Structures are given as structure tokens and as C-alpha cells.
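Overview (structure and organization)
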Amino acid sequence: MTRLEALTAVYRHLERRIVVTNMGAVAAELQSIGHRPNFFYLQHAMGLASSMGLGIALSKPGHHVIVVDGDGSILMNLGSLTTLARYRPRNLTHIVFDNESLLSVSTARGDFPTATATGSDLAAIAAAAGIPRTAAVSTIDAFVEAFDGALAANDLTTLVAKVEAVGPPAYVTELALLENRFQFQRYLRSQ
Amino acid sequence: MPVSTTHSRVIYDALKGCGIGLLSALPETWLVHLVRLADEDPEMILVRLAKEEEGVGISAGAHLAGVRSAMLMQNHGFLASINGIVSCAQLYRIPLLMLISYRGEFGERDPWQTEGGAVTEDLLRALRIPFAHLDRPDHVAARIAKAQTLALSSNKPVALLLSRDLMWEETS
């Protein structure tokens, strides 16, 4: 499964919801499918996409927030899983695309493996942190089923999806960082 | 405990007066009363953190969603948050109201607090973060309100340094 395939498969759910992604490949890929004013791409500050999602979820309890994270990013802020679990926002779904590498600095799979390549299990870490619902999947069908289940459950879920270490041809897109930020703010405050 | 309950209340009331609806915090000795006041206030969303940098992301999310927030942390927590401040708050023009307990000033008795105090103001200047000291109760409310005004008008982080003279009631 590639991340682009997975994003495409659940795009119909993303397009009507508040979405916060981490940096790099996933941001460019989601934009290549179709940018929306309710999508925000945190293009730096690795590890803080989940924290930002928590801030939005607590501020907008009537709206569902989907955080799209990566293994390299969440490994930089594992404490965020404990904070998420502590406040248990039922309106937050945390997707982690785990390609077992720091892809944006790599030229080929395996150049810069993360600790998930050597056995660290993010779904188990999330469960042990206290996240009430966790799942680990590695096929498109299992991903879509787990994603649908997370939305239907109305409870905090961390869904770890193993994906191939492949990304888009370029990471910089035409959408300026601040354009995205103010558009997203306008969207959130209009809700 | 010689942490001033009276002055903690003055600070908390000033934050409430500024419409703060979300506080992120990692407690340290000087902040215990402030964290307790937030915890007991049903109108306040208190987020207890594992590490202070999380608070930058949480405040960014709250701001974009229209909720005014502040961060409560020690100056060593500020040191631990710097990449988040630069790569999230400054890069994305997020108004961040940071209340930082200024440990390691004159009067510090804990040896482990003494390095951070010496670099706090230089780091704030290097990051071009406007800051002021809170050292007397009579100017607390006005300085917090003015700091928040600048944060919101500039869309940038600002800092208030909570000093020993305000937070600690010396017993000898």
C-alpha cells in the first residue's frame, strides 16, 4: 500500500472534515488529490501535528478532527500520545502512515530507517499510552475498514498504516504556507 | 508553601480578564497555584503536558479555531519549546502568549536552576520575542493585557517573565 493510495481511498471522508497533516510527502500528496480550505499542512515543527489536532479538537468539540501523521514525526513527540490519551478527545482520529523511514531526506527506501524499521511498534506504543482504540494495518482494504470504524466509533483512535517508502516527485507546492494558514483559520472560525 | 497564592490569583484573574479559554501547562513549583486555579475553573480548558513544546501546537490549534490560549511553563520549558516556537508559531504567524517562570535569577537557591536563568533573556532577544517582567502585582493585569494585544495584532509569540519577587514569598 502506498500513502497516496490510502489517502485517495478515504478522501471522501477527509473532504468534509477538519484535517491536519504533518510535513513533506503527505502534504504534497493530499494536495495532489485536491486541496480544501479545511485541510492544514504543518510543514515543519515535526511532532506537533498531533498537538495541533488536540488543540482544535478541544476548541471545536462538535467537529471531527483527523490528524494525518508519520512515523518520523510522532517518534519525535511520543509524549503527545500520552496527552491525547489523557484528554481523550472523542472527536479526533489520529492516522499514522508508517513508512519506517525519514523519507524526505532519503533517495531510496532504507536510506534513513526510523526505529519502526527495527521493531518499535507505534500502535502498541499508542495503546500503552492509553489511546482507547488502536489498530495496525498494511493493506488498503484493512485501512479503509479501520478508518470507517474509527469514524463510526466516535472515540479517540490511533490507526497505524504501514506504507511503502515512496513519495511525490516534489515537496514544495503552489500553496503558500501562510495562505494555507489563514484560509484554514477562516474555515475553522466559520464553523 | 511560600509560593504566593495571592499573586497567583492576580495572574489568573488577569488571564481570565483577557478571555483566555485554554491553558497548557507543565507544572513547576512557582506555577502550582495557577495550575490548581485552572483545574478548578469549569470554564477553563486545562491541558497538562508531557513536554512544553506540545503546548505550542495546542495553542496554534486553539488560535486557528478561535479560542484564546496561554502557555504556563518554566524557563527551562521555554528552552525545550524553541523549535516549536520557531517552526510552528513564528513560521505560521501564531500569536502565542507565554507565561514563563523565571528561575535562576538572583535569590535562586536550587543549583540546578542556575544555568537557564542566565540565557533566558538572551534567547528571547535572539528569537525577537517581545517580553516584559511581571514583578509587582499592581502591573500584572495591564502587562498581560498589553502582551496579548501585541501578540494578536502581530500574530507572533510574546513572553512574560514571572519573577521571584512576584511568585515567591520569602520567609527569611
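Residues numbered from 1 in each chain as written. Chains lettered and ligands numbered in written order. Predicted model: local features only at pLDDT ≥ 70, side-chain atom pairs only at ≥ 80, totals over all residues. Heavy atoms only, no water.

A closer look at the overall build of chain B
Looking only at helices and strands, one finds eight helices and six strands in chain B. Starting at the N terminus, the α and β elements of chain B follow one another as α-β-α-β-α-β-α-α-β-α-β-α-β-α. The C-alpha radius of gyration of chain B comes to 15 Å, within 12% of the 16 Å expected for a compact globule of 172 residues. Counting only C-alpha atoms and orienting by the principal axes, one finds that chain B spans roughly 45 × 35 × 30 Å. Each of the 172 residues in chain B was classed as buried or not, and the buried ones make up 58%. (Helix = DSSP H or I, 4+ residues; strand = E, 2+ residues; numbered from the N terminus. Rg over C-alpha atoms; globule rule 2.2 N^0.38 Å. Buried < 20%, exposed > 50% of the residue type's maximum accessible area, 1.4 Å probe, protein only.)

Looking at the overall build of chain A
For chain A, the count of helices and strands is eight helices and six strands. Taking 191 residues into account, the globule formula puts the C-alpha radius of gyration at 16 Å, and chain A, at 15 Å, falls close to it. Taken over the C-alpha atoms alone, chain A extends approximately 45 × 40 × 30 Å along its principal axes. Counting the 191 residues in chain A, one finds 55% classified as buried. Taking all contacts inside chain A whose residues are at least 6 apart in sequence as the whole, residues at least 24 apart take part in 73%. Each charge sign in chain A was given a centre, from 15 positive and 16 negative side chains, and these centres are 13 Å apart. (Contact = heavy atoms within 4.5 Å. Lys, Arg positive; Asp, Glu negative; His and termini not counted. Charge placed at Lys NZ, Arg CZ, Asp CG, Glu CD.)

Here we look at empty space enclosed by the protein
Residue and element names in this part refer to chain A. Tallied over the entire structure, the rule returns one cavity of 30 Å³ or more. Here the largest cavity is characterised by a volume of approximately 30 Å³. Together, Asn 22, Met 23, Leu 42, His 44, Ala 45, Met 46, Gly 47, Leu 48, Ala 49, Asp 69 and Ser 73 line the largest cavity. Its residues placed into classes, the lining of the largest cavity shows six nonpolar, four polar and one charged. (1 Å grid on protein atoms, 1.4 Å probe; cavity = no way out; pocket = protein on both sides within 12 Å on 5 of 7 lines; lining within 4 Å. Points joined across faces, edges and corners; volume = space filled by probe spheres on them. Nonpolar A, V, L, I, M, F, W, Y, C, P; charged D, E, K, R; others polar.)

Some thoughts on unusual backbone geometry
Peptide bonds are trans in most cases, and residues, glycine excluded, mostly fall at negative phi. One non-glycine residue with positive phi stands out, namely Asn154(A), at about 55°. Even without glycine at this site, Asn155(B) takes up a positive phi of about 55°. Owing to a relative accessible area of 17%, Asn155(B) belongs among the buried residues under this scheme.

Thoughts on helix H6 (residues 114-126) of chain B
Residue and element names in this part refer to chain B. Considering bend angle alone, the principal kink of H6 is centred on Thr 120 and spans about 35°. Buried within H6 we find Gly 116, Gly 117, Thr 120, Glu 121 and Leu 124. Those residues of H6 hidden inside the fold are in contact with helix H4 (75-80), strand S5 (131-134) and strand S6 (157-162). Once H6 finishes, Arg 128 follows within two positions and takes phi at roughly 55°, a positive value. (Bend = angle between axes of the 7 residues up to and from the residue.)

Some points on a nonpolar patch on the surface
Residue and element names in this part refer to chain A. On the surface, Leu 102, Val 105 and Phe 112 cluster together into a nonpolar patch covering about 260 Å² of accessible area. The residue Leu 102 is located in the loop between strand S4 (92-98) and helix H6 (122-129) in this model. Its relative accessible area of 34% is what places Leu 102 among the partly exposed residues. (Patch = residues over 30% accessible without salt bridge, like charges linked within 9 Å, V, L, I, M, F, W, Y side chains within 5 Å. Areas by Shrake-Rupley, 256 points an atom, 1.4 Å probe, with all protein chains shown as cover. Salt bridge = Lys/Arg side-chain N within 4 Å of Asp/Glu carboxyl O.)

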